[in-house]
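Chains, contacts and geometry: an overview
Residue strings, one per chain:
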Amino acid sequence: MNKVLVYCHHYWEFHWLYKLIIQADLEVCTDNSETQSIIDKYQCKTVNAENITNPFYQVLVVSIMHFGEHQKAIKQFIDTGRKVVVVQHAWDSALNLYNEFWNMDMHKFTLYCVGGQQDYQFLSGKHGESKIKQTGMPRFDMLMRVKEMDLTDIHEKVGKKEFLLATCPVSSIHDDRMVEEFYTKMPEESPLPIVYKIHPGGTIGQFNMTFPHLQFIDDNKEDIYETYKLIQASSGVISPASFLSIEATMLGKPVILYGDINVQTKAAQQHERQEERLPRDMSSTFQKLEFTKTQQDMLQWYDHDGKCTERVINEINQIL
């Protein structure tokens, strides 16, 4: 598949696509020195960012469409009659229900490999079945591996054997009331200590200064498995409406959907179909932490059989 080029600007995009890059032996292109250092650490092949203009590369693979760097790369491929494959990484797929986002035409892709039944239904209804393929996400293959991993390093890092893992709402995205509840009210309700996981791209210093009595874990740029290991090591996950809830469900962990979904975000796209994606009755409570029947039913929505990467590779081969 040497005619396929993967574009990653942020390090977390490389994390999301790592399994695909390794299994298909793909070359990676980035314009970001930090991302380049992570790619080098994992000994993946890279080419210069200027190579998006090289007609040798027939297919561009991305996990994000709407950032400026991605727009440039996607436009270059589409305008020259080449192909663009989007591999779903979480719920950015909701953006492709819009005609345009951040001045990006959200129709401009050749193929979208989605993680499960819901996104297939949502997106194929808008873009047509020929452009949307249900493959599962390559990161799901990585997620399931942590069931077999030694988690001693995680327990040592958090300093405890039992804890709940919470996502970190931030004021730039979430409603101020949600932020207040997560960091002041919620710790008093929880019978177990809470460890807060910083969102990729977030800075831990701000949280430590504002809430010095709470425990925050930075996003680990060097370990592509650490978030998954944190979920597996926890007793359950707390979230307003994060994809972490789906990953926790796949690992058999209870999920607490904390807060009112109707006030939890400022960004309109985050609301898109969220009540369908995360039915409220999937949630446990602090008083009764359990893997719910709804979570059990939701497992059927997502492909997580260890063959997601293989299916994505097959779809790319079909359009080469």
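Only a predicted model underlies this, so the values are computations on that prediction, with no experimental measurement involved.

1. A look at the overall build of the chain
Across its full length, the chain carries 13 helices and 14 strands. In terms of C-alpha radius of gyration, the chain reaches 19 Å, essentially the compact-globule figure of 20 Å for 320 residues. For the chain, the spread of C-alpha atoms along the three principal axes comes to 60 × 40 × 35 Å. Relative to its 320 residues, the chain shows a buried fraction of 54%. If you take every contact in the chain between residues at least 6 apart in sequence, the share linking residues at least 24 apart comes to 65%.

2. Quick notes on helix H4 (residues 117–127)
Turning to H4, its buried residues are Gln118, Asp119, Phe122, Leu123, Ser124 and His127. Taken together, the buried residues of H4 touch strand E8 (111–114), strand E9 (132–134) and helix H11 (274–277). Positive backbone phi, approximately 95 degrees, marks Gly128, located one or two places after H4.

3. So, the sheet that holds strand E14 (residues 255–257)
The strand order across the open sheet formed by five strands is E12-E11-E10-E13-E14, and the pairing between neighbours is parallel. Two strands lie at the open edges of the sheet, namely strand E12 (215–217) and E14, each paired on one side alone. Sheet twist, expressed as the average angle between the axes of neighbouring strands with direction ignored, equals 30 degrees. When strand E10 (residues 164–167) meets strand E13 (residues 237–239), the two strands line up parallel, connected through two bridges. Bridge pairing links Ala166 to Ile238 in E13.

4. Let's talk about the nonpolar core
In globular proteins that are soluble, nonpolar side chains generally tend to be buried together. The biggest cluster of nonpolar side chains holds 64 residues, and the ones touching the most others in it are Phe14, Leu20, Val61, Val85, Leu165, Phe243 and Ile246. Here this core gets nine residues from one element, more than from any other, and that element is helix H1 (residues 11–24). Once residues within four sequence positions are removed from consideration, Phe243 is found in contact with His89, Ala90, Trp91, Met137, Arg139, Phe140 and Tyr302. Core analysis: the next-biggest nonpolar cluster, separate from the first, contains 25 residues, Phe77, Val84, Phe101 and Val114 among them.

5. Quick word on the side chain of His66
With respect to the element layout, His66 can be found in the loop between strand E4 (59–62) and helix H3 (68–79). His66 sits in the buried class, given a relative accessible area of 8%. With residues near it in sequence (within four places) discarded, His66 still touches Gln71, Asp92, Leu95, Phe101, Trp102 and Met104.

6. Let's talk about the side chain of Arg139
When you line up the elements, Arg139 lands in helix H5 (residues 138–145). Not counting residues within four places of it along the chain, the set of residues in contact with Arg139 comprises Trp16, His89, Ala90, Tyr228, Phe243 and Glu247.

7. What to know about the sheet that holds strand E3 (residues 46–47)
Spatially, seven strands are ordered E3-E2-E1-E4-E5-E8-E9 in an open sheet, and the strand pairing comes out parallel. Strands with a single pairing partner mark the edges of an open sheet, and in this sheet they are E3 and E9. Relative to E4, strand E1 (residues 4–7) runs parallel, the two being bridged by three bridges. In the sheet register, Val4 faces E4, and the bridge partner there is Val59. Sheet contacts for H1: E1, strand E2 (27–29), E4 and strand E5 (83–87); angle to E1, the most-contacted strand, approximately 155 degrees.

8. Overview of the pattern of salt bridges
By the definition in use, this model includes 13 salt bridges. Among the ionic pairs, Glu226 bridges to Lys157, the shortest N-O distance being 2.9 Å. A residue pair is termed long-range when its members are at least 10 positions apart, and Glu226 in helix H9 (residues 226–233) and Lys157 in helix H6 (residues 152–158) qualify at 69 residues. Between Asp297 and Lys293 there is a salt bridge whose closest N-O contact spans 2.9 Å.

Reading the values: the criteria
- Residues numbered from 1 in each chain as written.
- Predicted model: local features only at pLDDT ≥ 70, side-chain atom pairs only at ≥ 80, totals over all residues.
- Heavy atoms only, no water.
- Helix = DSSP H or I, 4+ residues; strand = E, 2+ residues; numbered from the N terminus.
- Rg over C-alpha atoms; globule rule 2.2 N^0.38 Å.
- Buried < 20%, exposed > 50% of the residue type's maximum accessible area, 1.4 Å probe, protein only.
- Contact = heavy atoms within 4.5 Å.
- Pairing = 2+ DSSP bridges.
- Axes fitted to C-alpha atoms, helices over the stretch in contact; angles between N-to-C directions.
- Core = buried A, V, L, I, M, F, W, Y, C linked by side-chain atoms within 4.5 Å.
- Salt bridge = Lys/Arg side-chain N within 4 Å of Asp/Glu carboxyl O.

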